[in-house]
Amino acid sequence: LGWRTTLSLAFQCLGVVYGDLGTSPLYVISSTFTNGIGNKEDILGALSLIIYTIVSLPLIKYVFIVLYANDNGCGGALALYSLLCRHVKLSLIPNQQPEDKELSNYKLETPSSKVKRAQKLKHKLENSYFARVMLLLITILGTTMVIGDGIFTPAMSVLSAVSGVSTSLGQDAVVGITVVILVILFSMQRFGTDKVGFSFAPIILVWFLLIGGTGLYNVFKHDIGVLRAFNPKYIVEYFQRNGKHGWISLGGIFLCISGCEAMFADLGHFNVRAIQISFSFITFPAILAAYCGQAAYLRKFPEKVSNVFMHVYLALNLGCFPSVKVVHTSPKHEGQVYIPELNYMFMIACIAVSVAFRTSDQLAHAYGIAIVCDMTITTFLVSFVMLVVWKKSIWLVSLFFVPFGCIELVYLSAQLTKFTEGGFLPLVTAFFITMVMGTWYYVQKERYMFELKNKVSSEYVRKLANDTNIKRVPGIGFLYSELVQGIPPIFPHFIDNIPCIHSVVVFVSIKAIPISTVALEERFLFRQVEPREYRIFRCVVRHGYRDVVGDPLEFESQLLQQLKEFIRQESLMLSVEGPTTEQVAISTNESDEIQDQ
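Worth saying up front: this structure is predicted, and the values here are computed from it rather than measured.

A. Seen up close, a nonpolar patch on the surface. On the surface, a nonpolar cluster with roughly 580 Å² of combined accessible area is contributed by Tyr-52, Leu-216, Phe-220, Ile-224, Leu-227 and Phe-230. Within the secondary structure layout, Phe-230 lies in the loop between α9 (192-222) and α10 (233-248). We classify Phe-230 as partly exposed; its relative accessible area is 36%.

B. Structural view of the sheet that holds strand β3 (residues 471-480). Ordered in space as β3-β4-β6-β5, the four strands form an open sheet in which the pairing is mixed. At either end of the open sheet lies a strand with only one pairing partner, and these are β3 and β5 (524-529). In this sheet, neighbouring strand axes are inclined to one another by 15° on average, regardless of whether the strands run parallel or antiparallel. Sheet strands in contact with helix α20 (residues 490-497) are β3 and β4 (500-512), and its direction is about 155° off that of β4.

C. Up close: the pairing of β5. Across the six residues that make up β5, a large majority, five, are buried. Pairing of β5 with strand β6 (residues 536-543) involves six bridges; the strand directions are antiparallel. Residue pairing across strands places Leu-525 opposite Val-540, the latter belonging to β6. Hairpin connection between β5 and β6: a loop of six residues separates the two successive antiparallel strands, and Arg-535 in this loop has a positive phi of roughly 60°.

D. Up close: the nonpolar core. Counting residues in hydrophobic clusters, the biggest one holds 131 residues, and the most contacted among them are Tyr-18, Ile-54, Met-263 and Ile-275. Here Tyr-18 is in contact with Cys-13, Phe-208, Met-263, Ile-275, Ser-278, Phe-279 and Thr-283, once residues within four sequence places are set aside. Val-504, Val-506, Val-541 and Leu-560 belong to the second largest nonpolar core, which has 15 residues in total.

Rules used throughout
- For every chain, the first residue of the written sequence is number 1, and numbering continues from 1 along that sequence.
- The model is predicted, so local features are restricted to residues of pLDDT at least 70 and side-chain atom pairs to those at 80 or more, both for listing and for counting; the totals for chains, interfaces and linings are taken over all residues.
- Only hydrogens and water are set aside; all other atoms, that is, all heavy atoms of the structure, feed into the side-chain values.
- Patch building starts from residues that exceed 30% relative accessible area and form no salt bridge, then joins like charges within 9 Å and nonpolar side chains (Val, Leu, Ile, Met, Phe, Trp, Tyr) within 5 Å.
- Per-residue and other accessible areas were derived by the Shrake-Rupley procedure at a 1.4 Å probe size, with only the shown protein chains allowed to occlude residues.
- Definition used for salt bridges: Asp or Glu carboxyl oxygen within 4 Å of a side-chain nitrogen of Lys or Arg.
- Where helices and strands are cited, they refer to DSSP runs of H or I of at least four residues and of E of at least two residues respectively, numbered from the N terminus.
- Exposure classes here rest on a 1.4 Å probe applied to the protein chains alone. A residue is buried below 20% of its type maximum, exposed above 50%, and partly exposed in between.
- Strand pairing is assigned whenever DSSP detects at least two bridges linking the two strands.
- Axis lines are fitted to C-alpha atoms, over the contacting stretch for helices. Their N-to-C directions set the angle, which ranges from 0 to 180 degrees.
- Residue contacts follow a heavy-atom distance rule, with two residues in contact if any of their heavy atoms lie within 4.5 Å.
- Residues belong to a common nonpolar core when they are buried Ala, Val, Leu, Ile, Met, Phe, Trp, Tyr or Cys residues joined through side-chain atoms within 4.5 Å.

Pasting the structure below:
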């Protein structure tokens with residue numbers, strides 16, 4: 001992409017990705033010091049924790065490392081799993097074909113014989129059914145955490161913003177205004193990321209300029225000494241003074257990076273460079289200045305403390321989610337999708353959460369667990385990508401996994417202390433969605449295994465070709481099945497009930513490939529079933545998890561054109577190899593039959 005397009009996407013990012021990060025200064029301090037500020041030095045300790053949390057996780061981990069672990073521009077747990085599936089045979093459904101690796105977007109690099117560790121890990125994963133199942137479940141769990149985050153993020157952002165602005169109103173009025181705003185926001189989702197991003201980006205940009213400018217003003221006016229918080233010794237002193245209470249307060253401090261996982265999860269809507277530019281040059285300095293300004297103000301007045309569409313789409317295409325209507329909202333960017341049913345379900349869930357928790361402080365207890373769980377799972381999966389795909393040494397991987405993993409586990413342990421105060425909700429939500437997705441994937445696998453075990457033998461087709469009771473009618477018949485090899489068991493059942501078939505029969509299987517997109521000219525894979533004179537073909541329609549099958553008539557037209565091209569090439573090959581007159585006649589008749597459709 002050119003720089004103009006990249007800068008345009010970076011601008012859109014502000015209105016889509018960073019709304020939660022931008023509003024976090026409204027509730028982080030109040031969630032950290034729930035019982036007030038006992039010691040002014042604790043403000044420096046908390047600020048130091050906030051600074052180094054923002055620097056270590058969003059900036060270093062996500063912006064400079066995790067964003068590069070994308071799968072052809074897609075981010076999130078399912079994209080990481082798909083990337084691993086191309087290098088390791090992790091899929092529980094045995095529908096892989098050698099031709100899949102020949103796709104231009106597959107980009108498979110076989111591990112060098114020198115990288116023994118990557119090969120050893122690869123073989124262990126492929127030979128362990130338990131490891132493959134667990135990796136799939138962890139991936140689904142990470143995805144459900146992002147979906148759950150999609151419920152809590154709008155509620156938390158809007159509720160905290162309304163609470164901060166409408167301080168003179170009662171809590172009932174705040175909740176009512178929040179519900180109205182949520183309904184408006186979700187009603188606008190149908191216009192797509194492109195339009196929503198451009199609509200909200202100016203508002204978020206102004207917001208960042210305001211909180212950044214106000215923060216700098218407070219620093220210079222009230223206490224420029226808060227800049228000492230860049231010295232990490234204040235973190236040590238903070239825990240020495242507060243002990244267990246300091247550890248529990250990490251649950252509030254962690255909220256300063258709430259929403260940062262969206263930089264990777266929403267990558268499919270934008271690109272790596274756009275996310276890096278928007279965070280590094282606008283979001284990061286603005287929120288850092290805002291927190292420093294808050295700390296400077298509180299040092300002087302300590303008593304003033306107060307107050308997921310793409311992933312479902314990826315899961316759907318990887319066979320982990322029931323079929324739903326998917327609308328592509330942008331002709332320029334493939335990753336921008338809208339799912340009407342899911343949008344209204346999320347709206348109802350957000351309203352219910354807002355009404356139930358009523359305040360941002362109460363909602364913060366439930367909010368943090370979903371975020372930190374998703375970040376921990378991302379760290380785990382990216383470490384696997386580093387070992388298997390990037391083929392980095394164990395020491396380099398450890399430099400990523402150990403520090404970030406330890407930081408996230410510490411924050412997770414602090415968040416779990418709020419389990420009974422609402423923290424159970426995202427875990428219960430994730431468990432329920434995981435059960436739905438896991439069950440759906442299991443049923444898909446079992447159905448495929450049934451068809452594979454009961455597929456029709458080639459002998460049956462030969463007998464059918466010689467059966468004079470079977471009539472052929474003009475036209476082309478499509479019979480859809482999940483099976484990518486052989487003839488599905490539904491075919492004999494069809495013949496028993498309707499003893500006639502079309503003059504040309506095509507068994508169509510639509511198969512998801514673990515890549516983001518498949519070029520149209522590579523999408524259709526044909527094979528002819530013997531005997532050739534019976535005119536039966538198998539067609540595997542391969543698509544990536546960002547592809548959409550599209551309009552049925554358009555899909556049928558593409559399939560027929562590709563089938564005609566396949567028959568033409570087969571005819572040329574037969575003529576070169578010296579075919580019989582009968583074989584050439586069969587190929588010619590097949591092509592004429594399709595041309596007439």
